[in-house]
Amino acid sequence: MTARFSLWPCLLLVSCLASFSAHATVNDSSMDVKWSYLGSVGPAHWGMLSPAFELCDTGRAQAPINIGRNKTRSAYALKIHYPTTPLVIGKDIETALEVGSEKLMINDGHSLQLNFPSKNNRERIAYQGDKYNLVQIHFHSPSETTWHKQSFPLEIHFVHQGKDGKVVVLAVLVKGGEKNSVLQTILDHLPAEQGRVFNVPHTNIRPAQLLPADKRYYAYNGSLTVPPCTEGVQWIVMPKAITATPAQISSIREAIGGNNARPEQALNSRVLSYANK
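One structure accompanies this document, and this report is about it. What you see is a predicted model, and the numbers here were worked out from it, not measured in a lab.

### Regarding the pairing of strand β16 (residues 231-244)
Item 1. Direction of pairing for strand β13 (residues 167-176) relative to β16: parallel, over a ladder of 9 bridges. Bridged to A171 within β16 is V237.
Item 2. Here strand β15 (residues 217-223) pairs with β16 via 6 bridges, running antiparallel. Within β16, the position partnered with A219 by the bridge is I236.

### Let's talk about the packing of helix α5 (residues 181-188) against helix α6 (residues 246-255)
Item 1. Where α5 meets α6, the closest approach of the two axes is 10 Å, and the angle between their N-to-C directions is 45 degrees. Comparing the axis directions of α5 and α6 gives the class oblique. Our pair here, α5 against α6, has a crossing hand that is left-handed. Side by side, α5 and α6 meet where L183, Q184 and L187 of the first sit next to Q248, S251 and I252 of the second.
Item 2. A breakdown of the residues in the contact of α5 with α6 according to their chemical character gives 3 nonpolar, 3 polar and no charged.

### Quick word on the side chain of Q248
Item 1. Position of Q248 relative to the elements: it lies in helix α6.
Item 2. A relative accessible area of 3% means that Q248 is categorised as buried.
Item 3. For Q248, the side chain forms a polar contact with the side chain of Q184, separated by 3.1 Å.
Item 4. With sequence-adjacent residues up to four places away left out, Q248 is seen in contact with K179, N180, L183, Q184 and L187.

Calculation rules
Residues numbered from 1 in each chain as written. Predicted model: local features only at pLDDT ≥ 70, side-chain atom pairs only at ≥ 80, totals over all residues. Heavy atoms only, no water. Pairing = 2+ DSSP bridges. Helix = DSSP H or I, 4+ residues; strand = E, 2+ residues; numbered from the N terminus. Axes fitted to C-alpha atoms, helices over the stretch in contact; angles between N-to-C directions. Parallel < 35°, antiparallel > 145°, perpendicular 65-115°, else oblique. Left-handed = near helix turned anticlockwise from the far one by under 90°. Contact = heavy atoms within 4.5 Å. Nonpolar A, V, L, I, M, F, W, Y, C, P; charged D, E, K, R; others polar. Buried < 20%, exposed > 50% of the residue type's maximum accessible area, 1.4 Å probe, protein only. Polar contact = N/O pair within 3.5 Å; in protein donor to acceptor, adjacent residues only side chain to side chain.

Pasting the structure below:
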């Protein structure tokens, strides 16, 4: 649905990028090198498209993974604080992230994204004693994470940035079922224009309503699921899916341009953590 309101560009990325790149070179290879989810530039070929993408082939701690009968140990406590916040939305927009010592600009060209301004950011989580601010929410269809080899029609990634280049991605699976009010608000305000960020006047969402009531989770050390596949990303996956109607899921998939899921990666020697409450 085309938005029926006056859109104006958010200056979040401009100010963010100015401070982000002030002291270090930014790796923007994922924006400069043509890659996709299909054909000769699809996931099976990412590692060969650029030396900057080498980890997509050679990495030993890549994401996504299948969660099944994995070896597990007890996970750390997770605290989530997602209050009501203004809707800031865009399609095919960039995200600035610092993963370890690597400063990145990422745009997969197949995304619907919600941004959370760094100034006065109240949306955050606490994990392993550290705090992480919510940077953005984006969507993958079908799900990148699989549960006992089962794929879901949609997956939501909550991307958080902490201090010293620590990134935590919280993943939520979505299955067909009852209507989701937050997803409907997003769908009602899809911007027609790509590549820009828009503040939606007088429209708020509550990200907590995109989380399952059952917040048990698995955690593992992984990577970005898009080039350059940088490792050192903490993943938290909630296997109890939330619901959305088939029509809502179909509309989200259409908005992101179809399939944008990286296939399952090898677990290798990693052991998952599990929190049962």
